[in-house]
Amino acid sequence: MIIEARGIRKRFGTLEVLKGIDFSAEAHEVVSIMGASGAGKSTLLQILGTLSTPDSGTLVIDGEDVLRLQGGALAAFRGRRIGFVFQAHHLLPEFSAEENVMIPALIAGAPMKEARAKAARLLGEVGLQDRLGHKPSELSGGEQQRVAIARALVGDPAVLFADEPTGNLDSVTKQEIHRLLFSLRERLGQTIVIVTHDPGLAALCDRTLTMKDGRFI
């Protein structure tokens, strides 16, 4: 298993958001998590992605007991092994598409020439080889999300976590991004975990899990 979580619990004040969740995913698997707003989907994704810590439970990602990691060690692991795509793309407006993709690689210590070459290759993978120098304001919503996906992949993560990755897009662009995610899995081999309200996207996944009131049903 590339991800194995057991007994994940999370409480905010008196509200227990996650009630002993077990979750696993195999290498190269695409898993979707569905459920109504407030079911705990995004909270679980943040914990699986090491952005948040559970109150109790265990979490192993790519053979690493990540709940034992702290500070710089946790940040380094996240940078090496995990990628994120969110509903809002969070691109830096003053930088080009290529520069936005390069930034995580530079932060991780890659030489400038290597980071630039990798960014160009990944932007080619997502169909933006002719848009490297364009800033986010010069790109469509779908193109911006493609840049965000390339940026998430620049560290060669074992796992890509996507939280409503097509939530802000029109139906045609949604379909394009759906196809892109699955073609990337075939070409690059990531495990992908997607939180979505979109039954069309969920239907394409290898498995779909449904959450209700902090549990899988």
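Placed above this text is the structure.
Note that the structure is predicted; figures quoted are calculated from it, not measured. (Residues numbered from 1 in each chain as written. Predicted model: local features only at pLDDT ≥ 70, side-chain atom pairs only at ≥ 80, totals over all residues. Heavy atoms only, no water.)

A.B. asks: Please clarify how helix H1 (residues 41–48) should be interpreted in this entry.
C.D. replies: Side chains that are three or four residues apart share a direction in an α-helix, a result of its 3.6 residues per turn. Counting buried residues in H1 gives six out of eight residues, a clear majority hidden from the surface. Along H1, the residues classified as buried are Lys41, Thr43, Leu44, Leu45, Ile47 and Leu48. One or two positions beyond H1, positive phi appears at Thr50, with a value near 65°. (Buried < 20%, exposed > 50% of the residue type's maximum accessible area, 1.4 Å probe, protein only. Helix = DSSP H or I, 4+ residues; strand = E, 2+ residues; numbered from the N terminus.)

A.B. asks: I keep staring at the sheet that holds strand S6 (residues 82–86) and nothing clicks. Help me out?
C.D. replies: Two pairing modes exist for strands in a sheet, parallel and antiparallel, and in both the strands are linked by backbone hydrogen bonds. With mixed pairing, six strands are arranged side by side in an open sheet as S6-S7-S8-S3-S9-S10. The strands lining the two open edges of the sheet, one partner per strand, are S6 and strand S10 (215–216). Against the sheet, helix H2 (residues 71–81) touches S6 and strand S7 (159–163), its axis set at about 75° to S6. With respect to the sheet, helix H5 (residues 141–153) is in contact with S6 and S7, its orientation differing from that of S6 by roughly 165°. (Pairing = 2+ DSSP bridges. Contact = heavy atoms within 4.5 Å. Axes fitted to C-alpha atoms, helices over the stretch in contact; angles between N-to-C directions.)

A.B. asks: What should I look at first to understand the layout of surface pockets in this one?
C.D. replies: Sizing a probe to match a water molecule and rolling it over the atoms shows the empty space that remains. Of the volumes computed, that of the largest pocket is approximately 620 Å³. Around the largest pocket sit 28 residues that line it, and Gly79, Pro104, Ala105, Arg151 and Val154 are the ones nearest its centre. Elements supplying a minimum of two residues to the lining of the largest pocket: H2, S6, helix H3 (97–107), helix H4 (112–125) and H5. (1 Å grid on protein atoms, 1.4 Å probe; cavity = no way out; pocket = protein on both sides within 12 Å on 5 of 7 lines; lining within 4 Å. Points joined across faces, edges and corners; volume = space filled by probe spheres on them.)

A.B. asks: Before we go on, may I ask you to explain the nonpolar core in this structure?
C.D. replies: Looking at soluble globular proteins, one finds that nonpolar side chains tend to be buried together. Leu123, Val126, Val147, Ile149 and Ile194 are the most contacted members of the largest nonpolar core, which has 35 residues in total. Take this core: its biggest share by element is six residues, from H5. In this structure, Val126 is in contact with Arg146, Ile149, Ala150, Leu180 and Leu184, ignoring residues within four places of it in sequence. With 31 residues, the next largest nonpolar core counts Ile21, Ile47, Phe77 and Leu209 among its residues. (Core = buried A, V, L, I, M, F, W, Y, C linked by side-chain atoms within 4.5 Å.)

A.B. asks: How do you make sense of the pattern of salt bridges when you look at a structure like this?
C.D. replies: Pairing of side chains with opposite charge becomes possible as their charged atoms draw close. If you walk through the whole model with that rule in mind, you get twelve salt bridges. Taking the shortest distance from any N to any O, the salt bridge between Arg68 and Asp65 comes out at 2.8 Å. Given a relative accessible area of 29%, Asp65 falls into the partly exposed group. For the salt bridge of Arg187 with Glu125, the shortest nitrogen-to-oxygen distance reads 2.3 Å. Of this pair, Arg187 sits in helix H6 (residues 171–188) while Glu125 is found in helix H4, placing the two residues 62 residues apart along the sequence. The exposure class of Arg187 is partly exposed, given its relative accessible area of 44%. When salt bridges that share partners are traced, they join Arg185, Glu186 and Asp206 into one network. (Salt bridge = Lys/Arg side-chain N within 4 Å of Asp/Glu carboxyl O.)

A.B. asks: What is the right way to read the packing of aromatic side chains from this model?
C.D. replies: One pair of aromatic rings is described through two measures. These are the centre distance and the angle between the planes. Considering all chains together, one arrives at three aromatic pairs under this definition. On the numbers, 6.5 Å between centres and 40° between planes, the contact of Phe23 with Phe216 is tilted. Here the residue Phe23 occupies a position in strand S2 (residues 15–25), and Phe216 occupies one in strand S10, the gap between them amounting to 193 residues. Relative to Phe86, the ring of Phe84 lies with its centre 5.9 Å away and its plane at 5°, an arrangement referred to as stacked. One aromatic cluster is present, built from ring pairs that chain together Phe84, Phe86 and Phe161. (Phe/Tyr/Trp six-rings, centres within 6.5 Å; stacked < 30°, edge-to-face > 60°.)

A.B. asks: Whenever I open this one, the sheet that holds S2 confuses me. Can you help?
C.D. replies: Overall, antiparallel pairing links the four strands, which are arranged S2-S1-S4-S5 in an open sheet. With one partner strand each, in any of the chains shown, S2 and strand S5 (64–65) form the two edges of the open sheet.

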